[in-house]
Amino acid sequence: MTHPFTLSRRAALAGLGAALATPAIRPSFAQAAPIRVGVLHSLSGTMAISETALRDTVLMMIEWQNARGGILGRRLEPVVVDPASNWPLFAEKARELLQVSRVDVTFGCWTSVSRKSVLPVFEELNGLLFYPVQYEGEEESRNIFYTGAAPNQQAIPAVEYLMGADGGNARRIALLGTDYVYPRTTNRILRAFLNSKGIPDADIMEEYTPFGHSDWQGIVSRVKRFAGEGKRTAIVSTINGDANVPFYRELGNQGIKAEDIPSVAFSVGEEELAGIDTRPLVGHLAAWNYFMSVQSPANTEFLNLWRAYIRNPRRVTNDPMEATLIGFRMWAQAVAQAGTTSVDAVRTAMYGQKVDAPSGFTLEMHRNHHLSKPVMIGEVQADGQFNVVWRTPGPIVAENWSPFIPENANRRRG
């Protein structure tokens, strides 16, 4: 599958590379076969609200790279499939990409259940997957590069913020999540972390709902009662996909304001907020490693690139899009360095790759297949953007094996 590629778009994309890579050149492709890039994101179903933008980001980067002469003189060709928010179908589509379409690399997945569905396929067939979303950790595969955050790069700093003076000194925490591996494992880590900080289990509320859940009235009412027992309370949300729209709507319906019960989300960014009235949510929080509102030269280039490609002023950027861009650029650098798309050679070349990211920091890929990343806390604004109210001084190295899970005591980390 390819998108129409007009000369005007090619010129726009080629001219926007100052902070993203080397100067643009006139495309002139060798006679060799194109480099095939798999795109494995849900374009329908409950996760389409989040994943469609990641498909678009990969296609944008492919056009941008082709406008600059491709890689190794070869044109990049996207192969897009739709696993439709169906977790077993992810594995089928991954096998199709690797065995039928013969892709050289794949960018895809959002939920951990989709990633865990495809992981054995990529390991069996020695494929290469770039996974761009925050997750629960507890994994390390030689066939996956994780460009989203591990828990110590998002969840734990966010809860520390809520417990501090700037975050309201919360002493009761409501853990609300979608019922699958990422929220449950993340909340297991957070419960142990909270216990280590003197927060007893009695002051931790934990509830899970199915994908696509829409009736939040009862749960939000229980949160209000939980918060009414005398201790400062905050919500930590690992709710995924389109269930976030009715959840936030119900917070507004029941008058839960950020100054009373702040909510911090790990899976809600600019794209998800674009579908709802955010005025009642002003002051609620999200924890990410990038926000569209970040001021940096690399982010200005990213925004200009996106606007030139998407041509829709309502379409926003977000953290998993930035992570997709970072993964794509590192992969392209590794292929150029290795002189081949061979998975084994590219894997070795990936270690130590660096990118000046739109977040404003230089990020590095480590041998544990995870990035160093900054952490940011943003407050929801009335226009659906985030005001960054806190950030780490620099990137943090990922702990993909959490010290708050006892089984990891003897594992290597970092």
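Residues numbered from 1 in each chain as written. Predicted model: local features only at pLDDT ≥ 70, side-chain atom pairs only at ≥ 80, totals over all residues. Heavy atoms only, no water.

(A) Inspection of the environment of G269 at higher detail. One can find G269 in the loop between strand 9 (263-265) and helix 9 (270-273). The spacing of G269 and W288 is 19 residues in sequence and 8.2 Å in space, taken between C-alpha atoms. Setting aside anything within four residues of it in sequence, one finds G269 in contact with W288 and F386. (Helix = DSSP H or I, 4+ residues; strand = E, 2+ residues; numbered from the N terminus. Contact = heavy atoms within 4.5 Å.)

(B) Up close: the pattern of salt bridges. Evaluated as defined, the whole model comprises 19 salt bridges. The partner of E77 in a salt bridge is R75, and the shortest N-O contact between them spans 3.5 Å. Of the residues examined, R75 reaches a relative accessible area of 32% and is grouped as partly exposed. A cluster of three or more residues bridged by salt bridges with shared partners is formed by R115, K116, E136 and E139. (Salt bridge = Lys/Arg side-chain N within 4 Å of Asp/Glu carboxyl O. Buried < 20%, exposed > 50% of the residue type's maximum accessible area, 1.4 Å probe, protein only.)

(C) Region of interest: the packing of aromatic side chains. Counted by the stated rule, this structure contains 20 aromatic pairs. Considering the side-chain rings of F107 and F328, the 5.7 Å spacing of their centres and the 35° angle between planes classify their relative orientation as tilted. One end of the pair, F107, is in strand 3 (residues 105-108); the other, F328, is in helix 11 (residues 319-338), with 221 residues separating them in the sequence. Given the relative accessible area of 1%, F328 is considered buried. Both rings, one in Y131 and one in Y146, keep their centres 6.5 Å apart while their planes meet at 80°; by these two values the pair is edge-to-face. With Y131 in strand 4 (residues 129-131) and Y146 in strand 5 (residues 144-146), this residue pair connects regions lying 15 residues apart in the sequence. Judged by relative accessible area, Y146 falls into the buried class, the value being 1%. Residue placement shows R115 over the ring face of Y131; its charged tip is 4.8 Å from the ring centre. (Phe/Tyr/Trp six-rings, centres within 6.5 Å; stacked < 30°, edge-to-face > 60°. Lys NZ or Arg CZ within 6 Å of the ring centre and 35° of its normal.)

(D) Molecular detail of the pairing of strand 7 (residues 204-209). The element strand 7 is largely enclosed, with a buried count of 5 among its 6 residues. As paired strands, strand 6 (residues 172-178) and strand 7 are joined by 6 bridges and run parallel to one another. Residue pairing for strand 7: T178 is matched across the bridge by T209. Note that the unit made of strand 6, helix 6 (residues 181-196) and strand 7 has a crossover that is right-handed. (Pairing = 2+ DSSP bridges. Right-handed = clockwise from strand over helix to strand, strands pointing away.)

(E) Layout of the sheet that holds strand 13 (residues 376-380). One open sheet holds the 7 strands; their spatial order is 7-6-8-9-10-13-14, and the pairing between them is mixed. Of all strands in the sheet, those bounded by a partner on one side alone are strand 7 and strand 14 (386-391). When the angles between neighbouring strand axes are averaged without regard to direction, this sheet yields 25°. Where strand 10 (residues 285-288) meets strand 13, 4 bridges bridge the pair, whose relative direction is antiparallel. Each bridged residue has a counterpart across the sheet, and for A286 the counterpart in strand 13 is G378. Those strands touched by helix 6 are strand 6, strand 7 and strand 8 (233-238), and its axis lies near 180° from that of strand 7. (Axes fitted to C-alpha atoms, helices over the stretch in contact; angles between N-to-C directions.)

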